[in-house]
Amino acid sequence: MTTLLGGMIFWRLVLAEASEDMGMAARGPLFERIAAAFRPLVFASIVGLVVSGLINYLSAPGHSKLYHALFGIKMLLALHVFAVSIIMVQPNNPRRTRLATGTMISGLIILLISAWLRRNF
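Reading guide: rules and limits
- Residues numbered from 1 in each chain as written.
- Predicted model: local features only at pLDDT ≥ 70, side-chain atom pairs only at ≥ 80, totals over all residues.
- Heavy atoms only, no water.
- Helix = DSSP H or I, 4+ residues; strand = E, 2+ residues; numbered from the N terminus.
- Salt bridge = Lys/Arg side-chain N within 4 Å of Asp/Glu carboxyl O.
- Contact = heavy atoms within 4.5 Å.
- Polar contact = N/O pair within 3.5 Å; in protein donor to acceptor, adjacent residues only side chain to side chain.

Chemist: Explain unusual backbone geometry to me, please; I cannot follow it from the model alone.
Modeler: Leaving glycine out, the prevailing phi sign among residues is negative, and the prevailing peptide bond configuration is trans. In this model, Asn-92 sits at a positive phi of 55°, which is unusual for a non-glycine residue. For Asn-92, the position within the fold is in the loop between helix H3 (65-88) and helix H4 (96-120).

Chemist: Would you mind going over the pattern of salt bridges with me for this structure?
Modeler: Two side chains with opposite charge may pair up if their charged atoms get near one another. For the coordinates displayed, the defined rule picks out 2 salt bridges. Glu-17 serves as the salt-bridge partner of Arg-12, at 3.6 Å between the closest nitrogen and oxygen. Between Glu-32 and Arg-96 there is a salt bridge, with the nearest N and O atoms lying 3.1 Å from each other. Of this pair, Glu-32 sits in helix H2 (residues 24-59) while Arg-96 sits in helix H4, and the two are 64 residues apart along the sequence.

Chemist: Explain the environment of Asn-93 to me, please; I cannot follow it from the model alone.
Modeler: Turning to its location among the elements, Asn-93 is positioned in the loop between H3 and H4. Put simply, Asn-93 and Val-47 are 46 residues apart on the chain and 23 Å apart in space, counted from C-alpha to C-alpha. Beyond its immediate sequence surroundings of up to four residues, Asn-93 is in contact with Glu-32, Ile-87, Met-88 and Leu-99. Looking at Asn-93, its side chain comes within polar contact range of the main-chain oxygen of Ile-87, at 3.0 Å. Among the polar contacts listed, one links the side chain of Asn-93 to the backbone nitrogen of Arg-95, at a separation of 3.0 Å.

Shown next as structure tokens:
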């Protein structure tokens, strides 16, 4: 999760701000190269998160209704992060910065829910 979320935070808060003064002619190819380099990390992160999430879920059964409700919200947000991350690293996507913003927010909410669930259950 750190790799995926860190990449989104970097894209939104550092790369988008640093490239603001560049024209689209210069920024477009730069964003394409960065997205191509980030693509394998996105897929590896998704696979790692799905495998570790299934192991964690199956190894600790018998939780309360509140746990399952929060876990369901966390899973829906995770699906959002996965889908948007895959869309974001596809070639010729001019809305990457906007996508990174939503993914960053969802990822931070996932981390908060995960920390609360781990601490309280």
